[in-house]
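So you can see what is in the structure, the chains are spelled out below.
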Amino acid sequence: MQVNKISFLMFLVSISFCSFSYLAITQEDSTTKDSTIYCFKYNFNLNDTLVYLVHSYDSIVIDYGRPLLKERNEIHQVICESITKNGDFILKYKLLAFEGRDKQDTTFIQYDESDWLNREIRIEIDSFGNRKNFWCDDTTISGRTPGGPFQPHLFFPFQENCKKLNETWLVRTTEDLVENGIPIPRLRHTMLFKMLGEFDTLGEKVVRSEFIRTGQGFLKLSNPAGELTLNAIINSYGYLDVSKEKLIPVHLFTTVEQKLTFVSNDSESTGRHYIYCNFTLIDYKKGPSKKKIPASKVKKRK
């Protein structure tokens, strides 16, 4: 009973928070006369190594059943492996470590295994976060990130980078989230951004942009028993901090509500998945080399 109360409270908080966030991000502050222009973009150096702690809380309910509460800690590593002639960055992405704790009713389970540990994937992005290409170590071996196919992802397009305080802009895109699993989930989404200006956080001076996201996710899984299709309606809110000096993502905070539909050969079920997540940069090593490696030298997907 206590878990049901917790899940219901999380649902109410999520709905209230999203509604408040939508009003906050769309309402311009008429009293603000600051005309300062704030700019941000990505500019990785070759061999830059970034390590993020991803701490998440999940609440999952399938077919109005007993809620499953999860707490997850993940260590993600990002290495700038190559810089193309056009100035795009090829980033090698890997889940280095994981530990989780599940609770359902009064049952607790702790675990530290995942079939996504040490899987190597690569994404190619430009300085505005737009995805150009992706590769995976082996597309014939399935696997999934611990947070599910539509777990929040760190690298997404913001497309425009110089804005006045409280100025808003809209981005629409479709992304293949190879860092979230094989088979690859696809997300079609729209993001409304708002410039919040400069902040000091985590020992860095950052430029912060706030966002709300609405989107649809799609994933098809095949196994000997048949096919399973997962459709998701996704609403989220968050903010992204980009280092003003290093031009790398320092922190991402986001809350997510997913409405899920599972369709198999002979059945259909629904669910809800709520996520409260922080990506925090915990280690950064600047690459020693300035030599560019041609993209053709990068290991291609099998």
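Up top is the structure these notes are about.
Residues numbered from 1 in each chain as written. Predicted model: local features only at pLDDT ≥ 70, side-chain atom pairs only at ≥ 80, totals over all residues. Heavy atoms only, no water.

**Focus on the overall build of the protein**
Part 1: When its secondary structure is counted, the protein shows one helix and 16 strands.
Part 2: Counting across all 302 residues of the protein, residues that qualify as buried make up 50%.
Part 3: Within the protein, contacts between residues at least 6 apart in sequence are counted, and of these 66% link residues at least 24 apart.
Part 4: Of the roughly 14,900 Å² of accessible surface on the protein, a fraction of 52% belongs to carbon and sulfur atoms. (Helix = DSSP H or I, 4+ residues; strand = E, 2+ residues; numbered from the N terminus. Buried < 20%, exposed > 50% of the residue type's maximum accessible area, 1.4 Å probe, protein only. Contact = heavy atoms within 4.5 Å. Areas by Shrake-Rupley, 256 points an atom, 1.4 Å probe, with all protein chains shown as cover.)

**With respect to the side chain of Arg 122**
Part 1: Relative to the helices and strands, Arg 122 is located in strand 6 (residues 121-125).
Part 2: Here Glu 81 takes part through its side chain, which lies 2.6 Å from a polar atom of the side chain of Arg 122.
Part 3: Within the local environment of Arg 122, its side chain forms a polar contact with the side chain of Glu 120, the two groups lying 3.5 Å apart. (Polar contact = N/O pair within 3.5 Å; in protein donor to acceptor, adjacent residues only side chain to side chain.)

**Description of empty space enclosed by the protein**
Take a probe with the size of a water molecule and roll it over the atoms, and the empty space left behind shows itself.
Part 1: Counting across every chain of the model gives two cavities of 30 Å³ or more.
Part 2: In this structure, the largest cavity is lined by Phe 150, Gln 151, Pro 152, His 153, Leu 177, Leu 187, Arg 213, Ile 234, Ser 236 and Val 256.
Part 3: Every residue lining the second largest cavity is listed: His 76, Tyr 93, Thr 145, Gln 151, Pro 152, His 153, Glu 179, Asn 180 and Phe 279.
Part 4: Of the residues assigned to the lining of the second largest cavity, the class counts are three nonpolar, five polar and one charged. (1 Å grid on protein atoms, 1.4 Å probe; cavity = no way out; pocket = protein on both sides within 12 Å on 5 of 7 lines; lining within 4 Å. Points joined across faces, edges and corners; volume = space filled by probe spheres on them. Nonpolar A, V, L, I, M, F, W, Y, C, P; charged D, E, K, R; others polar.)

**Describing the pairing of strand 5 (residues 107-111)**
Part 1: Pairing analysis gives five bridges linking strand 4 (residues 89-104) to strand 5, with the strands arranged antiparallel. Paired with Lys 103 across the bridge in strand 5 is Phe 108.
Part 2: Where strand 4 folds back on strand 5, the antiparallel hairpin that results is connected by two residues, among which Asp 105 adopts a positive phi of roughly 60°. (Pairing = 2+ DSSP bridges.)

**Observations regarding the nonpolar core**
Part 1: With 54 residues, the main nonpolar core has Tyr 42, Phe 44, Leu 91, Ile 123, Ile 125, Phe 155 and Phe 193 as its most contacted residues.
Part 2: Residues Ile 212, Tyr 237, Tyr 239 and Phe 253 belong to the second largest nonpolar core, which totals five residues. (Core = buried A, V, L, I, M, F, W, Y, C linked by side-chain atoms within 4.5 Å.)

**Some details on the packing of aromatic side chains**
Part 1: Here the structure, examined in full by the defined rule, presents 16 aromatic pairs.
Part 2: Residues Tyr 42 and Phe 158 carry aromatic rings whose centres are separated by 5.3 Å and whose planes lie at 80° to one another, so their mutual orientation is edge-to-face. Of this pair, Tyr 42 sits in the loop between strand 1 (37-39) and strand 2 (49-62) while Phe 158 is found in the loop between strand 8 (143-144) and strand 9 (162-164), placing the two residues 116 residues apart along the sequence. When sorted by exposure, Tyr 42 lands in the same class as Phe 158, which is buried.
Part 3: When the centroid spacing of 6.2 Å and the interplanar angle of 65° are considered together, the rings of Phe 44 and Phe 155 count as edge-to-face. Of the two residues, Phe 44 sits in the loop between strand 1 and strand 2 while Phe 155 sits in the loop between strand 8 and strand 9, which places them 111 residues apart along the sequence. Take Phe 44 and Phe 155: they sit in the same class, and that class is buried.
Part 4: Sitting over the face of the ring of Tyr 239, Arg 208 holds its NZ or CZ atom 4.3 Å from the ring centroid. (Phe/Tyr/Trp six-rings, centres within 6.5 Å; stacked < 30°, edge-to-face > 60°. Lys NZ or Arg CZ within 6 Å of the ring centre and 35° of its normal.)

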